[in-house]
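Take a look at the letters that make up each chain.
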Amino acid sequence: MARMDEFRFLHAADLHLDSPLRGLTEKSGEYARLVADASRRAFSDMVSLAIESACRFVVLAGDVFDGDLRDTQCGLFFISGMARLRAAGIRVFMILGNHDAENRFARHLRVTDNVHLFATTGAETCIMEDLGVAVHGHSFGRRDVRTNIARQYPPPVAGLFNIGILHTACQGREGHETYAPCTVEQLVNHGYQYWALGHVHTREILHRDPYVVYAGNLQGRHAREAGPKGASLVTVRGGAVATVEHRVLDAVRWACESVDLTQVATHEEMDARIRNAARDIMAQAQGRPVALRLELAGTTPLHAALLRDRQAVQEEVEAVLAGISDQIWLERLQLRTGAPARPTVMDPSTGGRIAADIRAAATPEALQAELDAILTAVIERMPAHTRREEMRAAILHDVPARARDLALSLVQDPEGRDDAHQ
């Protein structure tokens, strides 16, 4: 059988079908309906991309589902997507990741015959003679895989284009459990032409020639997964990778933006800066709905007023965004502003003396100890896989300074003068 000199395949991972978009549960009913099926819409667009790009096959590098199956309709939805690919003559090769391993449905998928699910008992190989391709994969048998399973992958098949599908925290990745650890050097030296990686939700090309690629996830699930999300469209020519293109597929875009209010003295100017930033974000999203985490930063005379009435500030920001588009929502507002430097001469007024005492008590030991005790009680109740110590450190670092700033804002009026002068 003659082999094709050129073909395409699609590499996707971490679909997390029906995963809730965290941080948005308290939004309006209309917004909740819009984002609820974002992962499904991204998946449908992935299937369409594979068909429209004339891909010969698709590789799914784990975490198709999001933990234990909540709704069997999710499984049926996935099967319908596989049926669309089958009708287009597109094969699918998939492995189970750490989230899939928890799923009572994923192991027993009765999918269409164009789909091959790699075994959990060890690495195996599928060969496509018509393309001259060998695909190697190993599914997770349980969530907590801490061994280097890449060592179990078979050697490359001579004369074929070899692809390894692996769910891994290659060389460790911040914010991700170190499942199936390995190194880039190990994968490069294994002899495959392309490693299709999953587990890390940020797209990254770890190595070229051979290619070692994280496709990232199809749909961001929270503010730490901001920016374009999608899959990698790979063109193979003459037995080598010719191009690896990132194709954007997310249905809802997460964005994190910091607006600098340095020397901004009026709400009108603040609103103008927020408006300009939001317009740029909407342009980058190319018509997608946007969930925005906004930070207001910089040294500004507005600092005390912003701290004193946070709810009013949030409503003001939401009004600015609503004036731009009904497709952008404020997921969270973070105030990281600071007050302008004050004269070093001691203010003899009562308010001045109180302010001086507050500044002197920037990190009181009693407050730190009490805060640490409260955090210990709360964090012990959190799931073990959450970043508990990282959260504790961040809170211990931020809260005393924020408490001091809030106390100072109550001593000063909006113009920065002490109450005792009124």
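So, how was this worked out
- Residues numbered from 1 in each chain as written.
- Predicted model: local features only at pLDDT ≥ 70, side-chain atom pairs only at ≥ 80, totals over all residues.
- Heavy atoms only, no water.
- Phe/Tyr/Trp six-rings, centres within 6.5 Å; stacked < 30°, edge-to-face > 60°.
- Helix = DSSP H or I, 4+ residues; strand = E, 2+ residues; numbered from the N terminus.
- Buried < 20%, exposed > 50% of the residue type's maximum accessible area, 1.4 Å probe, protein only.
- Core = buried A, V, L, I, M, F, W, Y, C linked by side-chain atoms within 4.5 Å.
- Lys, Arg positive; Asp, Glu negative; His and termini not counted.
- Salt bridge = Lys/Arg side-chain N within 4 Å of Asp/Glu carboxyl O.
- Contact = heavy atoms within 4.5 Å.
- Pairing = 2+ DSSP bridges.
- Axes fitted to C-alpha atoms, helices over the stretch in contact; angles between N-to-C directions.
- Polar contact = N/O pair within 3.5 Å; in protein donor to acceptor, adjacent residues only side chain to side chain.
- Right-handed = clockwise from strand over helix to strand, strands pointing away.

Draft legend 1. The packing of aromatic side chains, seen in detail. Tallied over the full model, the rule gives 12 aromatic pairs. Where F140 meets Y179, the ring centres are 6.4 Å apart and the plane angle is 85°; that geometry is what we call edge-to-face. On the criterion of sequence distance, the pair formed by F140 in the loop between β6 (133-137) and β7 (161-167) and Y179 in the loop between β7 and α4 (184-190) is long-range, its members being 39 residues apart. Across the pair, exposure class does not vary: F140 and Y179 are buried alike. Feature note: the residues F7, F9, F57, F93, F118, F161 and Y194 constitute an aromatic cluster, connected by ring pairs.

Draft legend 2. A look at the nonpolar core. Membership of the largest hydrophobic core comes to 28 residues, with the highest contact counts inside it found for L10, L17, F43, M46, L60 and F78. Elements represented by at least two residues in this core include exactly β1 (6-12), α2 (38-52), β2 (57-61), α3 (72-87), β3 (91-95) and β11 (230-237). A total of 6 residues in this core trace back to one element, the largest contributor, which is α2. If you look at the next biggest cluster of nonpolar residues, it comprises 26 residues, including V259, M270, M282 and L292.

Draft legend 3. Up close: the side chain of D271. By the secondary structure assignment, D271 is in helix α5 (residues 267-285). Nearest to the buried, unbridged D271 among oppositely charged side chains is R275, at 5.1 Å. Here D271 is in contact with E316 and V320, once residues within four sequence places are set aside.

Draft legend 4. Fine view of the sheet that holds strand β9 (residues 204-207). The strand order across the open sheet formed by 6 strands is β5-β6-β7-β8-β10-β9, and the pairing between neighbours is mixed. Of all the strands in the sheet, the pair left with one neighbour each is β5 (124-128) and β9. Across the sheet, the mean angle separating the axes of adjacent strands is 20° when strand polarity is ignored. One ladder, built from 3 bridges, connects β9 with strand β10 (residues 211-214); its direction is antiparallel. Residue E204 lies in a different strand from β10, and its bridge partner there is Y214.

Draft legend 5. Expanded view of the side chain of T168. In this fold, T168 is placed in the loop between β7 and α4. Owing to a relative accessible area of 0%, T168 belongs among the buried residues under this scheme. Looking at T168, its side chain comes within polar contact range of the main-chain nitrogen of C170, at 3.3 Å. A distance of 2.5 Å separates a polar side-chain atom of T168 from the backbone oxygen of A180. With residues near it in sequence (within four places) discarded, T168 still touches Y179, A180, P181, C182, L197, G198, H199, V200 and Y214.

Draft legend 6. Representation of the pairing of strand β13 (residues 253-260) in the model. Relative to strand β14 (residues 290-299), β13 is paired through 8 bridges, and the arrangement is parallel. Residue pairing for β14: C256 is matched across the bridge by R293. For the segment spanning β13, α5 and β14, crossover handedness is right-handed.

Draft legend 7. Up close: the pattern of salt bridges. Scanning the model with the defined rule gives 12 salt bridges in all. The partner of D113 in a salt bridge is R86, with the nearest N and O atoms 2.6 Å apart. Note that D113 is positioned in the loop between β3 and β4 (115-117) and R86 in helix α3, a separation of 27 residues in sequence. Residue D113 is classed as exposed on the basis of its relative accessible area of 62%. For the salt bridge of E269 with R273, the shortest nitrogen-to-oxygen distance reads 3.4 Å. With a gap of 4 residues between them, E269 and R273 both fall in helix α5, about one helical turn apart. Three or more residues are tied together by salt bridges with common partners; here these are R56, R91 and D130.

Draft legend 8. Main features of unusual backbone geometry. P210 follows D209 through a cis peptide bond whose omega is 0°. Tracing the sequence through the fold places P210 in the loop between β9 and β10. Positive phi, close to 110°, is recorded for H199, a residue that is not glycine. Summarising the element assignment, H199 is placed in the loop between β8 (194-198) and β9.

Draft legend 9. Layout of the pairing of β1. Within β1, 5 of the 7 residues are buried, which leaves the element mostly enclosed by the surrounding structure. Where β1 meets β2, 4 bridges bridge the pair, whose relative direction is parallel. When the bridges of β2 are listed, L10 appears paired with V58.

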